[in-house]
Amino acid sequence: MVNIDWNNLGFSYIKTPYRYLAHWKNGEWTKGEMTEDNTLHISEGSTALHYGQQCFEGLKAYRCADNSINLFRVSENARRFQDSATRLMMPVVPEEMFIEAVTKVVQYNADYVPPYGSGATLYIRPLLIGVGDAIGVNPAPEYIFTVFCMPVGAYFKGGLKPTNFIISDYDRAAPVGTGAVKVGGNYAASLLPGKEAKERQFSDCIYLDPATHTKIEEVGAANFFGITKDNKFITPISPSILPSITKYSLLYLAKERLGMEAIEGDVYLTELDQFSEAGACGTAAVISPIGGIQLKNDFHVFYSETEVGPVTKRLYDELTGIQFGDVTAPDGWITKVSSLTE
């Protein structure tokens with residue numbers, strides 16, 4: 001038995017027994033293997049270290065009431081991983097290979113998938129990096145694709161409770177830069193703004209569109225959504241926003257399950273009064289209700305700083321119900337992970 005306090009997990013690294021590892025050499029991928037070594041051995045000249053040639057994904061495995069294990073929309077993660085690799089001139093990982101790697105990591109570490117009802121999940125991190133002896137600003141001669149995992153609790157402390165954010169003066173990404181792909185540089189640039197937000201007692205910062213600084217784009221490492229007073233679900237649209245799988249799932253659920261008008265559109269700071277509720281969403285954050293937003297000297301409160309809005313709660317219940325197998329999923333959203341003995 002694994003000795004873990006499932007009900008009090010944070011969002012931090014825990015070494016699990018196995019991870020997947022494959023190398024790209026001479027124009028092709030080697031056959032991936034499972035390893036117990038959690039250290040990557042790479043050249044000091046690796047482009048991932050010098051020029052940021054790397055990308056990653058984040059997804060979760062969920063323990064269901066019948067003790068089976070679900071993966072949520074893993075094909076979407078595979079395709080986004082390919083988009084990120086293409087943008088940084090790295091070899092794509094075939095979808096079948098990506099799903100096989102993720103599935104094996106969950107199978108081999110099945111004891112670390114938290115029990116149903118704990119609220120915890122198994123977080124899975126696929127990673128692709130440029131390696132080998134290189135020093136010029138060029139694509140790497142070799143690449144490593146690895147997948148590892150760990151059990152995690154809520155990304156924001158307190159779980160499904162409203163939390164406050166502050167508008168940042170920093171830009172998250174350039175208007176036509178790498179904002180729409182999941183690369184490490186975007187997150188490195190967010191460390192200072194995030195630190196400054198937390199020092200002011202906010203959960204994180206909100207980034208505006210880099211071109212005009214008039215519209216909300218992203219919430220730290222998550223996407224923004226709002227519920228209007230006339231019952232519309234709106235989430236920002238921009239070429240520099242990461243296409244969140246959770247966000248697109250909520251757009252679908254708001255329309256098809258809750259009967260709402262679901263819109264990807266501009267969210268202007270001058271029009272925040274149209275929203276009765278707001279939230280941040282993503283694989284790590286799931287859904288985090290936004291109590292209020294600090295903009296310069298103005299603090300704008302949405303539904304409540306202490307209570308979750310009714311539509312946000314319904315969306316959360318629908319989404320997590322699907323992920324944990326309690327609510328019927330749309331076709332293709334759930335992949336069952338078989339045990340190693342099956």
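The rules we used
Residues numbered from 1 in each chain as written. Predicted model: local features only at pLDDT ≥ 70, side-chain atom pairs only at ≥ 80, totals over all residues. Heavy atoms only, no water. Helix = DSSP H or I, 4+ residues; strand = E, 2+ residues; numbered from the N terminus. Rg over C-alpha atoms; globule rule 2.2 N^0.38 Å. Contact = heavy atoms within 4.5 Å. Areas by Shrake-Rupley, 256 points an atom, 1.4 Å probe, with all protein chains shown as cover. Lys, Arg positive; Asp, Glu negative; His and termini not counted. Charge placed at Lys NZ, Arg CZ, Asp CG, Glu CD. Buried < 20%, exposed > 50% of the residue type's maximum accessible area, 1.4 Å probe, protein only. 1 Å grid on protein atoms, 1.4 Å probe; cavity = no way out; pocket = protein on both sides within 12 Å on 5 of 7 lines; lining within 4 Å. Points joined across faces, edges and corners; volume = space filled by probe spheres on them. Nonpolar A, V, L, I, M, F, W, Y, C, P; charged D, E, K, R; others polar. Domains from an automatic or database assignment. Salt bridge = Lys/Arg side-chain N within 4 Å of Asp/Glu carboxyl O. Patch = residues over 30% accessible without salt bridge, like charges linked within 9 Å, V, L, I, M, F, W, Y side chains within 5 Å. Buried area = accessible area lost by both parts, 1.4 Å probe. Polar contact = N/O pair within 3.5 Å; in protein donor to acceptor, adjacent residues only side chain to side chain.

Moving on to the overall build of the chain. Summing up its helical and strand segments, the chain has 7 helices and 18 strands in all. Relative to the compact-globule value of 20 Å for 342 residues, the chain shows a C-alpha radius of gyration of 20 Å, a close match. With the principal axes as the frame, the chain shows a C-alpha extent of 55 × 50 × 35 Å. Sequence-distant contacts in the chain: of pairs separated by 6 or more residues, those separated by 24 or more amount to 72%. For the chain, the exposed area adds up to about 15,700 Å²; of that, 49% sits on carbon and sulfur atoms. Here the chain contributes 29 positively and 40 negatively charged side chains, and the mean placements of these two sets differ by 2 Å.

Looking now at unusual backbone geometry. Its identity as a non-glycine residue notwithstanding, Met-89 has a phi of 55 degrees, on the positive side. Within the element layout of this structure, Met-89 appears in the loop between helix H2 (74-87) and helix H3 (95-108). Classification of Met-89 as exposed rests on a relative accessible area of 58%. The phi angle at Gln-201 is positive, at roughly 75 degrees, despite the residue not being glycine. Topologically, Gln-201 is positioned in the loop between helix H5 (191-199) and strand E10 (204-208). Given a relative accessible area of 69%, Gln-201 falls into the exposed group.

With a probe scaled to a water molecule rolled over the atoms, the places where space remains empty come into view. Of the pockets and cavities examined, the largest pocket occupies roughly 920 Å³. Lining the largest pocket are 43 residues, and of these Tyr-155, Tyr-187, Asp-204, Ala-221 and Ala-284 sit closest to its centre. Among the elements of the structure, strand E7 (121-131), strand E8 (142-152), helix H4 (184-188), H5, E10, strand E12 (222-228), helix H6 (245-256) and strand E15 (275-282) are those that each provide at least two residues to the lining of the largest pocket. Here the residues of the lining of the largest pocket sort into 20 nonpolar, 14 polar and 9 charged. For the lining of the largest pocket, the domains that each give at least three residues are domain 1 (19-152) and domain 2 (163-324).

Before going further, it helps to spend a moment on the pattern of salt bridges. By the definition in use, this model includes 13 salt bridges. Two residues, Lys-232 and Asp-230, come together in a salt bridge whose shortest N-O distance is 3.8 Å. For Lys-232, a relative accessible area of 25% translates into the label partly exposed. Salt bridges sharing common partners tie together Glu-76, Arg-79 and Glu-95.

For the rest of this paragraph, the subject is a nonpolar patch on the surface. Together, Leu-40, Ile-42 and Leu-49 make up an exposed nonpolar region whose accessible area comes to about 240 Å². One can find Ile-42 in the loop between strand E3 (33-35) and helix H1 (47-50).

Turning our eyes to something else, we now look at the domain arrangement of the chain. How big an interface is tends to be expressed through the accessible area that disappears when the partners come together. We note that the domain assignment places domain 1 (19-152) and domain 2 (163-324) within the chain. Computed over C-alpha atoms, the centres of domain 1 and domain 2 are 26 Å apart. It is Phe-56, Phe-72 and Arg-80 in domain 1 that bury the most area against domain 2; as a group they hold 33% of the surface buried on that side. Counting the contacts that link domain 1 with domain 2 gives 0 salt bridges. The tally of links from domain 1 across to domain 2 stands at 9 residue pairs in polar contact (both at pLDDT 80 or more). Elements supplying a minimum of two residues to the side of domain 1 that touches domain 2: strand E4 (54-56), strand E5 (59-63), strand E6 (69-72), H2 and E7. In terms of residue count, the dominant contributor to the side of domain 1 that touches domain 2 is H2 (6 residues). Its residues placed into classes, the side of domain 1 that touches domain 2 shows 11 nonpolar, 6 polar and 8 charged.

For the coordinates displayed, the defined rule picks out 4 cavities of 30 Å³ or more. Its volume calculated, the largest cavity comes out at about 110 Å³. Listed by contribution, the elements that provide at least two residues to the lining of the largest cavity are E5, H6 and helix H7 (310-323). Counting residues per element, the lining of the largest cavity draws most heavily on E5, which supplies 3 residues. By volume, the second largest cavity amounts to about 50 Å³. Lining the second largest cavity we find 13 residues, and of these Pro-289, Ile-290, Tyr-303, Glu-307 and Gly-309 sit closest to its centre. Per element, the largest residue contribution to the lining of the second largest cavity is 3 residues, and it comes from strand E16 (residues 286-295). In terms of residue class, the lining of the second largest cavity is made up of 7 nonpolar, 4 polar and 2 charged.

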